[in-house]
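This is what each chain is made of:
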Amino acid sequence: MNVKIAIVDDNTFLINTVKEKLSFFEDFNVKFTAMNGSELLTQLEVNHNLDLILMDIEMPVLNGIESTEIVKNKYPHIKIIMLTTFDNDEHIFNAIKAGADGYLLKEINAKDLHDGIIDTLNGGAAMNPSIALKTLKLLRNPLSIENEKDKEIIKLSNRETEVLEHLSKGLNYVQIAENLILSTGTVRKHIENIYRKLQVHNKMEAVQKAKRNNLI
């Protein structure tokens, strides 16, 4: 078996991480990568001889859900697994509506990613257990998405907000510490708390989610 795969993500580090996981398996062949949906569509026009796309959701120009809908309409033979950081109810629901064949978290290990891809190619639907439970809930009650959005109230302290604003400007820990007259250890602790409250894993995700929720 020679599974032809494309990876679409606006973060080159994460693209390389996924490629590394796939490299353990001889039956997988990464044909190309793209930084957003528009770039993906351009590459597909040249060569749509693909079996599967691993698709990020939050990307500039054309996001993963919009891209999935377009790809599924133009190239219905291509399977699409959303590979994202968040098991967000609204994202899951919209991805399924757009035609996604599976939904996995980026933290997945290499073996589970391999098994999820093979399962999807064989007609299954690759999903992390937590996402499968959410999907069942959403299918039973789609209106619960709105309720969940109403419940998501993120509260940051004034100091955490200040630290996050500095992070969004590209400042490092030392620069933030100097500007706010804090120790770097204190800044680091604030950032750990911010990541925990926002349920994110890095600076980019923290800034994006904070802006979506009008925290900065």
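As shown above, the structure is provided for reference.
Being a predicted model, the structure only gives us computed values, none of them experimental.

Rules behind the numbers
- Residues numbered from 1 in each chain as written.
- Predicted model: local features only at pLDDT ≥ 70, side-chain atom pairs only at ≥ 80, totals over all residues.
- Heavy atoms only, no water.
- Salt bridge = Lys/Arg side-chain N within 4 Å of Asp/Glu carboxyl O.
- Helix = DSSP H or I, 4+ residues; strand = E, 2+ residues; numbered from the N terminus.
- Buried < 20%, exposed > 50% of the residue type's maximum accessible area, 1.4 Å probe, protein only.
- Pairing = 2+ DSSP bridges.
- Right-handed = clockwise from strand over helix to strand, strands pointing away.
- Arc of directions from axis to C-beta.
- Polar contact = N/O pair within 3.5 Å; in protein donor to acceptor, adjacent residues only side chain to side chain.
- Axes fitted to C-alpha atoms, helices over the stretch in contact; angles between N-to-C directions.
- Parallel < 35°, antiparallel > 145°, perpendicular 65-115°, else oblique.
- Left-handed = near helix turned anticlockwise from the far one by under 90°.
- Contact = heavy atoms within 4.5 Å.
- Nonpolar A, V, L, I, M, F, W, Y, C, P; charged D, E, K, R; others polar.

A. Highlighting the pattern of salt bridges. On inspection of all chains with the given rule, the structure shows 9 salt bridges. The shortest N-O distance in the salt bridge between Asp101 and Lys72 comes to 2.7 Å. Note that Asp101 is positioned in the loop between helix H4 (89–98) and strand E5 (102–105) and Lys72 in helix H3 (residues 64–74), a separation of 29 residues in sequence. On the accessibility criterion, Asp101 (16% relative accessible area) is buried. What emerges from the salt-bridge pattern is a single network uniting Asp9, Asp56 and Lys106.

B. Focus on the pairing of strand E3 (residues 52–55). Here E3 shows two buried faces, one formed by Leu52 and Leu54 and the other by Ile53 and Met55. As defined by bridge partners, strand E1 (residues 3–8) adjoins E3 across 4 bridges and the pair is classed as parallel. Opposite Ile7, over in E3, you have Leu54 as the bridge partner. The pairing of E3 with strand E4 (residues 79–84) spans 4 bridges and is parallel. Looking at E4, one finds that Ile53 is bridged to Ile80. Taking the sense of rotation as the criterion, the β-α-β connection linking E3, H3 and E4 turns out right-handed.

C. Here's a closer look at helix H9 (residues 173–180). What H9 keeps buried is the set Ile176, Ala177 and Leu180. Burial along H9 is one-sided: seen end-on, the buried residues are contained in an arc of 100 degrees. By the N-cap criterion, in which a side-chain oxygen at the helix start approaches the backbone nitrogen of a residue two or three places on, H9 is capped by Asn172, the distance to Val174 being 3.1 Å. Within two residues after H9, Ile181 carries a phi angle of roughly 55 degrees, on the positive side.

D. Representation of the environment of Thr17. Inspection of the secondary structure assignment puts Thr17 in helix H1 (residues 12–22). Overall, Thr17 belongs to the partly exposed group, its relative accessible area being 25%. Counting along the chain gives 49 residues from Thr17 to Glu66, while the straight-line C-alpha distance between them is 24 Å.

E. Representation of the pairing of E5. Here E5 shows two buried faces, one formed by Gly102 and Leu104 and the other by Tyr103 and Leu105. Relative to E5, E4 is paired through 4 bridges, and the arrangement is parallel. Each residue of the ladder has a partner; that of Thr84, found in E5, is Leu105.

F. Geometry of the packing of helix H2 (residues 37–46) against H3. Their axes nearest at 10 Å, the elements H2 and H3 cross at an angle of 15 degrees. As far as their axial angle goes, H3 and H2 are roughly parallel. When you trace H2 past H3, the crossing you get is right-handed. Residue-level contacts link Gly37, Leu40, Leu41, Leu44 and Glu45 of H2 to Ser67, Ile70, Val71 and Lys74 of H3. Residues belonging to the contact of H2 with H3 are distributed by class as follows: 5 nonpolar, 2 polar and 2 charged.

G. Fine view of the sheet that holds E5. Taking strand neighbours across the sheet as the criterion, the 5 strands line up as E2-E1-E3-E4-E5 in an open arrangement whose pairing is parallel. Edge positions in the sheet fall to strand E2 (28–34) and E5, since each has one partner strand and no second. Here the average twist between neighbouring strands, direction ignored, is 25 degrees. Two strands pair when backbone bridges link them, and E1 and E2 are joined in this way by 6 bridges, in the parallel orientation. Its bridge partner lying in E2, Ile7 is registered against Thr33. Packing of H2 onto the sheet brings it into contact with E1, E2 and E3, and relative to E2 it is tilted by some 120 degrees. The sheet strands contacting helix H5 (residues 110–121) are E1, E2, E3, E4 and E5, and the helix crosses E4 at an angle near 150 degrees.

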